[in-house]
Amino acid sequence: MKVRKAMANEDDKKKRKKAVLFCISPDKQNIILEEGKEILCGDVGNRVKDPYLEFVKMLPIDDCRYALYDATYETKETKKEDLVFFFWAPENASMKSKMIYASSKDAIKKKFTGIKHEVQANCPEEIKDRRMLAEKLGGSAVVTLEGCPL
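Residues numbered from 1 in each chain as written. Predicted model: local features only at pLDDT ≥ 70, side-chain atom pairs only at ≥ 80, totals over all residues. Heavy atoms only, no water.

### Re the overall build of the protein chain
Here comes step 1: Within the protein chain, the regular secondary structure consists of five helices and seven strands.
Here comes step 2: Its helices and strands in sequence order give the protein chain the pattern α-β-β-α-β-β-α-β-α-α-β-β, from N to C terminus.
Here comes step 3: The C-alpha atoms of the protein chain give a radius of gyration of 15 Å, which matches the 15 Å a tight globule of 150 residues would have.
Here comes step 4: Taking the principal axes of its C-alpha atoms as reference, the protein chain extends roughly 45 × 35 × 30 Å.
Here comes step 5: Taken over 150 residues, the protein chain has a buried fraction of 43%.
Here comes step 6: In the protein chain, 57% of the contacts between residues at least 6 apart in sequence involve partners at least 24 apart.
Here comes step 7: Accessible surface for the protein chain amounts to roughly 8,800 Å². Of this, 50% is attributable to carbon and sulfur atoms.
Here comes step 8: Across the protein chain, the 29 positively charged side chains and the 25 negatively charged ones have centroids separated by 3 Å. (Helix = DSSP H or I, 4+ residues; strand = E, 2+ residues; numbered from the N terminus. Rg over C-alpha atoms; globule rule 2.2 N^0.38 Å. Buried < 20%, exposed > 50% of the residue type's maximum accessible area, 1.4 Å probe, protein only. Contact = heavy atoms within 4.5 Å. Areas by Shrake-Rupley, 256 points an atom, 1.4 Å probe, with all protein chains shown as cover. Lys, Arg positive; Asp, Glu negative; His and termini not counted. Charge placed at Lys NZ, Arg CZ, Asp CG, Glu CD.)

In C-alpha coordinates:
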(Lines give C-alpha, C1' and ligand atoms only; values in the text may rest on other atoms or scores of the structure.)
Protein backbone atom coordinates (compact mmCIF):
# COMPACT_ATOMS: atom_id res chain seq x y z
CA MET A 1 0.00 0.00 0.00
CA LYS A 2 1.26 3.47 -0.76
CA VAL A 3 1.72 5.72 2.23
CA ARG A 4 -0.18 8.94 1.71
CA LYS A 5 1.75 12.21 1.82
CA ALA A 6 0.15 15.16 3.55
CA MET A 7 0.11 17.26 0.37
CA ALA A 8 -0.40 14.54 -2.26
CA ASN A 9 -1.63 15.81 -5.60
CA GLU A 10 -4.77 14.49 -7.30
CA ASP A 11 -2.87 12.05 -9.57
CA ASP A 12 -1.10 10.51 -6.58
CA LYS A 13 -4.42 10.05 -4.81
CA LYS A 14 -5.88 8.23 -7.83
CA LYS A 15 -2.91 5.82 -7.93
CA ARG A 16 -3.22 4.88 -4.25
CA LYS A 17 -4.38 1.34 -3.73
CA LYS A 18 -7.69 0.84 -1.95
CA ALA A 19 -7.40 -2.95 -1.89
CA VAL A 20 -4.88 -5.57 -3.01
CA LEU A 21 -4.78 -9.36 -2.95
CA PHE A 22 -1.69 -11.49 -2.38
CA CYS A 23 -1.21 -15.16 -3.20
CA ILE A 24 1.46 -17.83 -2.87
CA SER A 25 3.53 -18.19 -6.04
CA PRO A 26 3.04 -21.35 -8.14
CA ASP A 27 6.38 -22.75 -6.92
CA LYS A 28 5.18 -22.17 -3.29
CA GLN A 29 8.35 -20.14 -2.51
CA ASN A 30 7.08 -16.55 -2.42
CA ILE A 31 4.11 -14.41 -1.55
CA ILE A 32 3.26 -12.26 -4.57
CA LEU A 33 0.82 -9.54 -5.55
CA GLU A 34 -2.00 -11.24 -7.44
CA GLU A 35 -2.11 -9.91 -10.98
CA GLY A 36 -5.17 -7.76 -11.72
CA LYS A 37 -6.57 -8.06 -8.19
CA GLU A 38 -6.47 -4.52 -6.91
CA ILE A 39 -8.74 -1.52 -6.55
CA LEU A 40 -7.22 1.92 -7.00
CA CYS A 41 -8.61 4.95 -5.19
CA GLY A 42 -9.08 6.56 -8.62
CA ASP A 43 -11.49 3.73 -9.55
CA VAL A 44 -13.81 4.49 -6.63
CA GLY A 45 -16.87 6.38 -7.83
CA ASN A 46 -16.01 5.69 -11.49
CA ARG A 47 -15.44 2.03 -12.31
CA VAL A 48 -16.15 0.88 -8.74
CA LYS A 49 -19.31 2.08 -6.99
CA ASP A 50 -18.88 0.17 -3.72
CA PRO A 51 -15.20 -0.64 -3.05
CA TYR A 52 -15.90 -2.98 -0.12
CA LEU A 53 -18.35 -5.17 -2.07
CA GLU A 54 -15.99 -5.17 -5.06
CA PHE A 55 -13.18 -6.27 -2.74
CA VAL A 56 -15.27 -9.14 -1.34
CA LYS A 57 -16.10 -10.28 -4.91
CA MET A 58 -12.37 -10.43 -5.77
CA LEU A 59 -11.75 -13.18 -3.19
CA PRO A 60 -11.72 -16.68 -4.75
CA ILE A 61 -14.25 -19.20 -3.40
CA ASP A 62 -11.86 -22.14 -3.63
CA ASP A 63 -8.42 -20.88 -2.54
CA CYS A 64 -6.81 -18.86 0.24
CA ARG A 65 -5.54 -15.29 -0.04
CA TYR A 66 -4.05 -12.46 1.97
CA ALA A 67 -5.40 -8.99 1.38
CA LEU A 68 -4.91 -5.41 2.48
CA TYR A 69 -7.90 -3.10 2.52
CA ASP A 70 -7.68 0.64 3.20
CA ALA A 71 -11.00 1.21 5.00
CA THR A 72 -12.54 4.68 5.06
CA TYR A 73 -15.18 5.16 7.72
CA GLU A 74 -16.85 7.72 9.90
CA THR A 75 -17.54 7.59 13.59
CA LYS A 76 -19.85 9.94 15.44
CA GLU A 77 -16.86 12.26 15.98
CA THR A 78 -14.58 12.06 12.92
CA LYS A 79 -13.67 10.53 9.56
CA LYS A 80 -10.91 7.90 9.63
CA GLU A 81 -8.87 5.55 7.46
CA ASP A 82 -7.36 2.31 8.75
CA LEU A 83 -5.39 -0.44 7.05
CA VAL A 84 -6.99 -3.87 7.52
CA PHE A 85 -5.22 -7.19 6.91
CA PHE A 86 -7.48 -10.02 5.70
CA PHE A 87 -6.63 -13.70 5.90
CA TRP A 88 -9.07 -15.48 3.59
CA ALA A 89 -9.27 -19.27 3.99
CA PRO A 90 -12.56 -20.47 2.47
CA GLU A 91 -14.02 -23.84 3.40
CA ASN A 92 -13.67 -24.97 -0.25
CA ALA A 93 -9.89 -24.47 -0.25
CA SER A 94 -7.69 -27.53 -0.03
CA MET A 95 -6.22 -28.47 3.33
CA LYS A 96 -2.72 -28.05 1.88
CA SER A 97 -3.49 -24.49 0.77
CA LYS A 98 -4.94 -23.61 4.16
CA MET A 99 -1.85 -24.95 5.91
CA ILE A 100 0.59 -23.09 3.62
CA TYR A 101 -1.25 -19.80 3.98
CA ALA A 102 -1.69 -20.16 7.75
CA SER A 103 2.00 -20.89 8.26
CA SER A 104 3.04 -17.87 6.13
CA LYS A 105 0.60 -15.35 7.62
CA ASP A 106 2.93 -13.91 10.25
CA ALA A 107 5.74 -13.50 7.72
CA ILE A 108 3.65 -11.31 5.40
CA LYS A 109 2.12 -9.32 8.25
CA LYS A 110 5.61 -8.39 9.50
CA LYS A 111 6.45 -6.90 6.09
CA PHE A 112 3.62 -4.36 6.29
CA THR A 113 3.59 -1.39 8.60
CA GLY A 114 0.44 0.40 9.63
CA ILE A 115 -1.90 -2.56 9.89
CA LYS A 116 -4.44 -1.59 12.52
CA HIS A 117 -6.91 -4.49 12.29
CA GLU A 118 -6.98 -8.12 11.22
CA VAL A 119 -9.88 -10.15 9.84
CA GLN A 120 -9.87 -13.89 9.31
CA ALA A 121 -12.77 -15.26 7.28
CA ASN A 122 -13.78 -18.66 5.97
CA CYS A 123 -16.92 -17.95 3.93
CA PRO A 124 -18.37 -14.99 2.00
CA GLU A 125 -21.26 -14.64 4.44
CA GLU A 126 -18.79 -13.71 7.19
CA ILE A 127 -17.47 -10.66 5.36
CA LYS A 128 -20.01 -9.53 2.78
CA ASP A 129 -21.95 -7.59 5.42
CA ARG A 130 -20.03 -4.36 5.97
CA ARG A 131 -21.19 -4.29 9.59
CA MET A 132 -18.67 -7.07 10.38
CA LEU A 133 -15.81 -4.82 9.26
CA ALA A 134 -17.35 -1.81 11.01
CA GLU A 135 -17.39 -3.83 14.25
CA LYS A 136 -13.64 -4.47 13.89
CA LEU A 137 -12.96 -0.82 13.10
CA GLY A 138 -14.76 0.74 16.01
CA GLY A 139 -17.90 -1.10 16.95
CA SER A 140 -21.07 0.89 17.47
CA ALA A 141 -19.16 4.19 17.08
CA VAL A 142 -18.88 3.58 13.29
CA VAL A 143 -21.78 5.16 11.40
CA THR A 144 -20.61 4.82 7.76
CA LEU A 145 -18.18 2.59 5.88
CA GLU A 146 -16.99 3.74 2.44
CA GLY A 147 -19.68 6.41 2.53
CA CYS A 148 -22.51 3.93 3.03
CA PRO A 149 -24.57 4.11 6.24
CA LEU A 150 -24.60 0.97 8.35
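Past the structure itself, the notes keep going.
### Concerning the pairing of strand 5 (residues 115-121)
Here comes step 1: In the sheet, strand 4 (residues 79-88) pairs with strand 5 via six bridges, with the strands oriented parallel. In the strand pairing of strand 5, Leu83 is matched with Ile115.
Here comes step 2: In the classification by handedness, the crossover that spans strand 4, the intervening helix 3 (residues 95-111) and the parallel strand 5 is right-handed. (Pairing = 2+ DSSP bridges. Right-handed = clockwise from strand over helix to strand, strands pointing away.)

### Focus: unusual backbone geometry
Here comes step 1: Here Lys28, not a glycine, exhibits a phi torsion of approximately 65°, which is positive.
Here comes step 2: Counting through the fold element by element, Lys28 comes out in the loop between strand 1 (17-24) and strand 2 (31-40).
Here comes step 3: Overall, Lys28 belongs to the partly exposed group, its relative accessible area being 47%.
Here comes step 4: Of note in the backbone geometry, Glu146 takes a positive phi value of approximately 55° without being a glycine.

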